[in-house]
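Fold and contact review
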Amino acid sequence: AQSVTQPDIHITVSEGASLELRCNYSYGATPYLFWYVQSPGQGLQLLLKYFSGDTLVQGIKGFEAEFKRSQSSFNLRKPSVHWSDAAEYFCAVGAAGGTSYGKLTFGQGTILTVHP
Amino acid sequence: KAGVTQTPRYLIKTRGQQVTLSCSPISGHRSVSWYQQTPGQGLQFLFEYFSETQRNKGNFPGRFSGRQFSNSRSEMNVSTLELGDSALYLCASSFGQVGTGELFFGEGSRLTVL
């Protein structure tokens, strides 16, 4: 069965500092990997996705993530955090094929707090 | 291009009642998935519909059901509500290709069961 682990429940950074959110996954085949962000009371917005190809993917709002197959990781990074980045971040894994239609397995989320 | 629209956004029910939630996908998307989000269990997959057929189902009791109409709009129903059904219910739409493609989420329907 597939699973996703986000080791950090809560991270606090200062505005302008760099950010790295960790994500480890367990999946038996080629995964599709995603990072979503959720602001309070809102739905999920897709930040970036990895399907295949270049292991460093760029997303919206200046975020990027690197897929490392050997470490089963897909960490999210941003060089300089803005106060508006404060939200909850979810890593998710999906199937590259088969019958897993519409099903993503999500991590428990990491809450990001940004200090001015 | 309009996003995924969910109605109602908020609702309060009492135990034993039933509830119906609605989801209108992005134009052109034929797949609709439903998720339950709670503080304790996180985000959990309920089911997915494509062309009015349920193609995939999560591990939820039969009280949770859904359907999809010919215009791709979807509804989910929860019968005999329990306190533990209080959650944010999220709908997501996609083109419905093989595997799990890119899902676009709505803002959710927050259900409170008293």
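Each value, and the rule that gives it
- Residues numbered from 1 in each chain as written.
- Chains lettered and ligands numbered in written order.
- Predicted model: local features only at pLDDT ≥ 70, side-chain atom pairs only at ≥ 80, totals over all residues.
- Heavy atoms only, no water.
- Core = buried A, V, L, I, M, F, W, Y, C linked by side-chain atoms within 4.5 Å.
- Buried < 20%, exposed > 50% of the residue type's maximum accessible area, 1.4 Å probe, protein only.
- Helix = DSSP H or I, 4+ residues; strand = E, 2+ residues; numbered from the N terminus.
- Contact = heavy atoms within 4.5 Å.
- Salt bridge = Lys/Arg side-chain N within 4 Å of Asp/Glu carboxyl O.
- Nonpolar A, V, L, I, M, F, W, Y, C, P; charged D, E, K, R; others polar.
- Pairing = 2+ DSSP bridges.
- Axes fitted to C-alpha atoms, helices over the stretch in contact; angles between N-to-C directions.
- Disulfide = S-S within 2.5 Å.

Attention shifts here to the nonpolar core. Leu19(A), Trp35(A), Leu47(A), Leu48(A), Phe74(A), Leu76(A) and Tyr89(A) are the most contacted members of the largest nonpolar core, which has 26 residues in total. Secondary structure elements with two or more residues in this core: β2 (10–14), β3 (19–21), β5 (31–38), β6 (44–50), β8 (64–68), β9 (73–78), β10 (87–95) and β12 (110–115) of chain A. When residues of this core are assigned to their parent elements, the largest contribution, four residues, is made by β10(A). Residue contacts for Leu19(A): discarding those within four places in its chain leaves Ile11(A), Val13(A), Phe63(A), Leu76(A), Arg77(A), Lys78(A), Val81(A) and Leu112(A). Ranked by size, the runner-up nonpolar core spans 21 residues in total, among them Val19(B), Cys23(B), Phe64(B) and Tyr89(B).

Counting residues at the interface gives 24 residues for chain B and 25 residues for chain A. In this structure, the connection of chain B to chain A is made through one salt bridge. Between Lys49(A) and Glu102(B) there is a salt bridge, with its nearest N and O atoms 3.1 Å apart. Residue assignment for the side of chain B that touches chain A shows that the elements contributing at least two residues are β4 (31–38), β5 (42–50), β6 (53–57) and β9 (87–94) of chain B. Per-class residue counts for the side of chain B that touches chain A are eight nonpolar, 11 polar and five charged.

Here the focus is the sheet that holds strand β7 (residues 64–68) of chain B. Residues and elements named next belong to chain B. Overall, antiparallel pairing links the four strands, which are arranged β1-β3-β8-β7 in an open sheet. Strands with a single pairing partner mark the edges of an open sheet, and in this sheet they are β1 (5–7) and β7. Neighbour-to-neighbour, the strand axes of this sheet turn through a mean angle of 20°, independent of strand direction.

We now examine the state of the cysteines. In total, this model carries two disulfides over all chains according to the counting rule given. Here Cys23(A) is linked by a disulfide to Cys91(A), with a sulfur-sulfur distance of 2.0 Å. Every disulfide takes its handedness from the sign of the S-S torsion; for Cys23(A) and Cys91(A) that torsion is -65°, giving left-handed. A residue pair is termed long-range when its members are at least 10 positions apart, and Cys23(A) in the loop between β3 and β4 (24–26) and Cys91(A) in strand β10 qualify at 68 residues. A relative accessible area of 0% places Cys23(A) in the buried class. Note that Cys23(B) is cross-linked by a disulfide to Cys91(B), the S-S spacing being 1.7 Å. The S-S bond linking Cys23(B) to Cys91(B) shows a torsion near -55°; that makes this disulfide left-handed.

Now for the side chain of Ser73(A). Note that Ser73(A) resides in strand β9. A relative accessible area of 4% means that Ser73(A) is categorised as buried.

Residue and element names in this part refer to chain A. Tallied over the full model, the rule gives 11 salt bridges over all chains. Note that Arg22 is salt-bridged to Asp8, the shortest N-O span being 3.0 Å. Residue Arg22 is located in the loop between β3 and β4, and its partner Asp8 is located in the loop between β1 (3–5) and β2; the two are separated by 14 residues in the primary sequence.

Once that is clear, we can look at the pairing of β6(A). Residues and elements named next belong to chain A. Counting buried residues in β6 gives five out of seven residues, a clear majority hidden from the surface. Inspection of the sheet shows β5 paired to β6 by six bridges, in the antiparallel sense. Each residue of the ladder has a partner; that of Phe34, found in β6, is Lys49. What sits between the antiparallel neighbours β5 and β6 is a turn of five residues, in which Gly41 has the positive phi angle 75°.

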